[in-house]
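# A look at the structure
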Amino acid sequence: MAENFSKLTTESINPATANIDKCSTIEMIRLINEEDKKVASAVEKVLPAVAYAVDLIAEKISGGGRLFYIGAGTSGRLGVLDASECPPTFGVSPELVQGIIAGGNIALTTAVEGAEDDFELAEKNLVEKNFGAADVLAGIAASGRTPYVIGGIEYAKKIGAKTIGISCVEDSTLAKISDIAITPVTGAEAVTGSTRMKAGTATKMVLNMLTTGAMIKIGKVYGNLMVDVQATNEKLRDRAKRIVIAATGCDENRAELALKICGGSAKDSINFLMR
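An account of the accompanying structure is given in this report. Quantities reported herein were computed from a predicted structural model and do not represent experimental measurements. (Residues numbered from 1 in each chain as written. Predicted model: local features only at pLDDT ≥ 70, side-chain atom pairs only at ≥ 80, totals over all residues. Heavy atoms only, no water.)

## Some words on the sheet that holds strand β4 (residues 162–166)
Through backbone hydrogen bonds, the strands of a sheet pair up, either in parallel or in antiparallel fashion. The 5 strands are arranged β2-β1-β3-β4-β5 in an open sheet whose pairing can be described as parallel. Each end of this open sheet is capped by a strand with a single partner; those strands are β2 (97–101) and β5 (180–182). Across the sheet, the mean angle from the axis of one strand to that of its neighbour is 20°, orientation sign disregarded. Judged from the 5 bridges that link them, strand β3 (residues 136–140) and β4 form a sheet pairing that is parallel. What sits directly across from L137, in β4, is T163. (Pairing = 2+ DSSP bridges. Helix = DSSP H or I, 4+ residues; strand = E, 2+ residues; numbered from the N terminus. Axes fitted to C-alpha atoms, helices over the stretch in contact; angles between N-to-C directions.)

Written out as structure tokens, the structure reads:
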């Protein structure tokens, strides 16, 4: 029997934007903005679950495990994006946080038809990445029912790994089968079913919290300074210098000298100057 997708709140019709196609441009944008204002409130309601997930991720990483995101379409792209930003921001290996998207890397820019409906594909992709019981799998699906994501979570549970389910629909399958369910219910989209909008924004906010919170807990942030930033371009080299100055109170010349001695590492430069 075919699923009744119309029951999903992410697929429902939003009465507030029913005539958005007849609005002036500024009215159209204001309607979208009014819907976007609801996202932060939806995320706020699930902060205890986010905190629980942060503690789990930090614990697993500290014990040698890794964090994997798995998703399809917009959800998969958001996972890959968040994972790819961890190495330059926190100086960690690209292996530590990984994003897997249904259909492979080509799906980052081009829709791969049918990939999200392949239940078995997720297990194959996770095996290829040597995903194990020491790792954490965060499944991302705005609808909470994407077969590819459900298949990934089921495999993770089978091998004894901890799981996190991130969705935007109440009482979803993903929430029910995951060890930790993070469910910011964002409601009907401004354009019906376009979950890259409010659902996507809520998901991005949650992923930001998961990795940032975990990295803070494992010592990748000093105060609120990203002391393990990889200074790979002029902007980041300047940021590293400002981080050293802010952390130690030294002048610009001493910061530059310390960074030169310490191979560009802000953290090592701070330790060097504070000895």
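## Remarks on the pairing of β2
Of all 5 residues making up β2, 4 are buried, and the element is well covered by its neighbours. The β-α-β motif built from strand β1 (residues 67–71), the intervening helix α3 (residues 73–90) and the parallel element β2 has right-handed crossover chirality. (Buried < 20%, exposed > 50% of the residue type's maximum accessible area, 1.4 Å probe, protein only. Right-handed = clockwise from strand over helix to strand, strands pointing away.)

## Structural notes on the state of the cysteines
Overall, the coordinates contain 0 disulfides when judged by the stated rule. In this structure C262 is not part of a disulfide, and its nearest cysteine sulfur, from C250, lies 11 Å away. (Disulfide = S-S within 2.5 Å.)

## Details of unusual backbone geometry
In this structure, N130 is a non-glycine residue whose phi angle is positive, near 60°. By the secondary structure assignment, N130 is in the loop between α4 (119–128) and β3. Classification of N130 as exposed rests on a relative accessible area of 62%. Non-glycine residue D171 carries a positive phi angle of around 55°. Here D171 lies in the loop between β4 and α6 (173–177). Given a relative accessible area of 65%, D171 falls into the exposed group.

## Quick notes on the packing of aromatic side chains
To describe a pair of aromatic rings, you give the distance between the ring centres and the angle between the ring planes. Across all of its chains, the model carries 1 aromatic pair by this definition. With a centroid separation of 5.3 Å and 85° between ring planes, the pair formed by F68 and F131 is classed as edge-to-face. Of the two residues, F68 is situated in strand β1 and F131 in the loop between α4 and β3; the sequence distance between them amounts to 63 residues. For F68, a relative accessible area of 0% corresponds to the buried category. (Phe/Tyr/Trp six-rings, centres within 6.5 Å; stacked < 30°, edge-to-face > 60°.)

## Quick word on the packing of α4 against helix α5 (residues 147–158)
Between α4 and α5, whose axes approach to 7 Å, the crossing angle comes to 50°. Taken together, α4 and α5 sit at an angle that is classed as oblique. For the crossing formed where α4 meets α5, the hand is right-handed. The segment α4 lies against α5, with F119, L121, A122, E123, N125, L126 and V127 engaging P147, Y148, I150, G151, G152, E154, Y155 and K158. Looking at the contact of α4 with α5, its residues break down into 9 nonpolar, 3 polar and 3 charged. (Parallel < 35°, antiparallel > 145°, perpendicular 65-115°, else oblique. Left-handed = near helix turned anticlockwise from the far one by under 90°. Contact = heavy atoms within 4.5 Å. Nonpolar A, V, L, I, M, F, W, Y, C, P; charged D, E, K, R; others polar.)

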